[in-house]
Amino acid sequence: MKTTVEKILTKLNKDKIKLSTFSDFERAFDKANNGSEKIGLDLIDQLRKAEVKYKQNITYWQSALKFGEKIEEAYKDLGSETPSLTRNQIASCKAMIKEEQRYISAIKGMYAKF
């Protein structure tokens, strides 16, 4: 049989283990929580940078499209057909503007998840 002192020491040791386990849990939880927050903030920062770059790139596509449309108009005024390469590039400009606008929309949708 255990003496009263042994029972008390056993109980204290168990409580000490429980307290250290609780403390370990709190530290691990805080570390994970802080890590999640940092990851989210880093992701939002990168998404914002991508959004800005896509917006800038869309202005480049729009500029190229304007030049392409001027070329098309000049060929039309001359009564000649625009070369297929130029027509394809103009079509690519239009497609890429739409595509990059979809990327921006997707990025904005990601913001709502945070």
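Residues numbered from 1 in each chain as written. Predicted model: local features only at pLDDT ≥ 70, side-chain atom pairs only at ≥ 80, totals over all residues. Heavy atoms only, no water.

### Side note on the overall build of the protein
Cut-off, in case you're wondering: Strands are runs of DSSP state E lasting at least two residues, helices are runs of H or I lasting at least four, and both sets are numbered from the N terminus onward. Whether a residue is buried, partly exposed or exposed follows from its accessible area with a 1.4 Å probe, protein chains only, as a fraction of its type maximum: under 20%, in between, or over 50%, in that order. Contacts are assigned to residue pairs with any non-hydrogen atoms lying within 4.5 Å of each other. Residue burial considers only the protein chains on display, and all accessible areas are found by Shrake-Rupley using a 1.4 Å probe.
A count of helices and strands for the protein gives two helices and zero strands. The buried share of the protein, taken over its 114 residues, is 12%. When contacts within the protein are restricted to residue pairs at least 6 apart in sequence, long-range pairs at least 24 apart make up 74% of them. When the accessible area of the protein is evaluated, it comes to approximately 9,300 Å², of which 61% is carbon and sulfur surface.

### Looking at the pattern of salt bridges
Cut-off, in case you're wondering: For salt bridges, the criterion is a side-chain nitrogen of Lys or Arg within 4 Å of an Asp or Glu carboxyl oxygen.
This structure, assessed with the given rule, holds seven salt bridges. Across the pair Arg27 and Asp24 runs a salt bridge, and its minimum N-O distance is 2.3 Å. Residue Arg27 and its partner Asp24 are located together in helix H1 (residues 4-77), separated by three residues, close to a single helical turn. We classify Arg27 as exposed; its relative accessible area is 51%. Salt bridges here are not isolated pairs; linked through shared partners, they connect Arg48, Glu51 and Lys55.

### Here's the deal with the packing of aromatic side chains
Which entries qualify depends on this criterion: Centres within 6.5 Å make a pair out of two Phe, Tyr or Trp rings, where for Trp the six-membered ring is used; the pair is then stacked when the planes are under 30 degrees apart, edge-to-face when over 60, and tilted otherwise.
Within this structure, the stated rule accounts for two aromatic pairs. Geometrically, the ring pair formed by Phe25 and Phe29 is tilted, given 6.1 Å between the ring centres and 35° between the ring planes. Placement of the pair is Phe25 and Phe29 together in helix H1, with a separation of four residues, close to one helical turn. The exposure class assigned to Phe25 is partly exposed, which follows from its relative accessible area of 49%. On the basis of relative accessibility, which here comes to 45%, the residue Phe29 falls in the partly exposed class. Ring geometry for Tyr54 and Tyr103: centres 5.1 Å apart, planes at 50°, overall tilted. Here Tyr54, found in helix H1, pairs with Tyr103, found in helix H2 (residues 84-111); they are 49 residues apart in sequence, far enough to count as distant.

### Looking at the nonpolar core
This is how it is decided: Nonpolar core, defined: a set of buried Ala, Val, Leu, Ile, Met, Phe, Trp, Tyr and Cys residues in which side-chain atoms within 4.5 Å join the residues together.
Counting residues in hydrophobic clusters, the biggest one holds six residues: Ile58, Leu65, Ile90, Cys93, Ile97 and Ile104. When residues in this core are grouped by element, the largest group, four residues, is from H2. The residues contacting Ile58, other than those within four sequence positions of it, are Ile97, Glu100, Gln101 and Ile104.

### Section: H2
Selection rule: Helix span is expected to be 1.5 Å times the residue number reduced by one.
Over its 28 residues, H2 runs 41 Å from end to end, which matches the ideal 40 Å to within 8%, given 1.5 Å per residue. Turning to H2, its buried residues number three or more, namely Thr86, Ile90, Cys93, Ile97, Glu100, Ile104 and Ile107.

### Points about the side chain of Glu51
Put simply, the rule is: Each polar contact in these results corresponds to two N or O atoms within 3.5 Å; when the atoms are within protein, one needs to be able to donate a hydrogen and the other to accept it, and residues that are neighboring in sequence are counted only if both atoms are side-chain atoms.
Relative to the helices and strands, Glu51 resides in helix H1. Residue classification places Glu51 among the buried positions, given a relative accessible area of 3%. Among the polar contacts listed, one links the side chain of Glu51 to the side chain of Arg48, at a separation of 3.2 Å. Discounting residues that sit within four places of it in the chain, Glu51 has contacts with Ile104, Ile107, Lys108 and Tyr111.

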